[in-house]
Amino acid sequence: VLTGDLLIPTQALPKKVTKAQRAIINTKHHGDTMSKKEENWMRIYFQNINGIPTTEDLLSYMEEMQSKEVDIWGWVETNVKWTKEMESKAKYMGGKIFKNFTIVTNCSDDPAKYHQQGSTCTGVTNQLSGQIIDKDCNPSKLGRWSYVKIAGRDQLQVTVVTAYRPCIQYNPGNTTVTAQQIRVM
């Protein structure tokens, strides 16, 4: 139930609530109330994820996107070092949930392990996945943006950009996104 800016669960939460479910429940709602998606509509979803600590949480976020009938999502601040191995895991999980699935990610080239501040993830599901005509990410490898371009009807094209702008920090700690980007530049 949505009342003003507060999301109030109408049922008791399960005993084990994933980070993804908690983030969706605790997120302030802006814009129209999300209802059942109409036929031939495209649903685009954006969220500052504020970290995906485990692959189980990544799976939970994808399941939330499926339950909300999301066609394209943009997640920023995933705090994941999107290596080829991590992208492969994400593609495998997405393939189990959606009929078709494409993911475009970007993170900095900082030599951190799994956890890395910042980064973006753009996901495209089902029918729209087959309509991608271009996809790319920030070539400077600062983890600031990724995008997809979708072919539509009547020669129309839609470009969806997932962008992350780190805040200015004058004394950044060693693990902050600002410090990572300074090291990469």
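Residues numbered from 1 in each chain as written. Predicted model: local features only at pLDDT ≥ 70, side-chain atom pairs only at ≥ 80, totals over all residues. Heavy atoms only, no water.

1. Let's talk about the packing of helix α2 (residues 55-67) against helix α3 (residues 84-97)
No. 1: At a minimum axis separation of 10 Å, α2 and α3 run at an interaxial angle of 40°. Comparing their axes, α3 and α2 come out oblique. Viewed along their axes, α2 and α3 form a crossing whose handedness is right-handed. Side by side, α2 and α3 meet where T55, L58, L59, M62, E63 and Q66 of the first sit next to M86, K89, A90, M93, G94 and I97 of the second.
No. 2: Partitioned by chemical class, the residues of the contact of α2 with α3 number seven nonpolar, three polar and two charged. (Axes fitted to C-alpha atoms, helices over the stretch in contact; angles between N-to-C directions. Helix = DSSP H or I, 4+ residues; strand = E, 2+ residues; numbered from the N terminus. Parallel < 35°, antiparallel > 145°, perpendicular 65-115°, else oblique. Left-handed = near helix turned anticlockwise from the far one by under 90°. Contact = heavy atoms within 4.5 Å. Nonpolar A, V, L, I, M, F, W, Y, C, P; charged D, E, K, R; others polar.)

2. Describing the pattern of salt bridges
No. 1: If you walk through the whole model with that rule in mind, you get four salt bridges.
No. 2: In this structure, K37 engages D71 in a salt bridge whose closest nitrogen and oxygen atoms are separated by 2.7 Å. You can see K37 sitting in the loop between α1 (19-26) and β3 (44-48) and its partner D71 sitting in the loop between α2 and β4 (72-76), a full 34 residues away along the chain. Accessibility assignment for this pair places K37 and D71 in one class, buried. (Salt bridge = Lys/Arg side-chain N within 4 Å of Asp/Glu carboxyl O. Buried < 20%, exposed > 50% of the residue type's maximum accessible area, 1.4 Å probe, protein only.)

3. Thoughts on the packing of aromatic side chains
No. 1: All chains considered together, the criterion is met by six aromatic pairs.
No. 2: Judged by centre distance (6.0 Å) and plane angle (45°), the ring pair of W73 and F98 falls under tilted. A residue pair is termed long-range when its members are at least 10 positions apart, and W73 in strand β4 and F98 in the loop between α3 and β5 (101-106) qualify at 25 residues. An identical accessibility class is assigned to W73 and F98; each is buried.
No. 3: Ring-pair connections join several aromatic residues into one group, and the members of that group are Y61, W73, W75, F98 and F101. (Phe/Tyr/Trp six-rings, centres within 6.5 Å; stacked < 30°, edge-to-face > 60°.)

4. As for the sheet that holds strand β6 (residues 120-125)
No. 1: Spatially, β3-β4-β6-β5 is the arrangement adopted by the four strands of the open sheet, whose pairing is mixed. The strands lining the two open edges of the sheet, one partner per strand, are β3 and β5. Going across the sheet, the axis of each strand differs from the next one's by a mean of 10°, ignoring polarity.
No. 2: The sheet contacts of α2 involve β3, β4 and β5, and relative to β4 the element is tilted by about 145°. (Pairing = 2+ DSSP bridges.)

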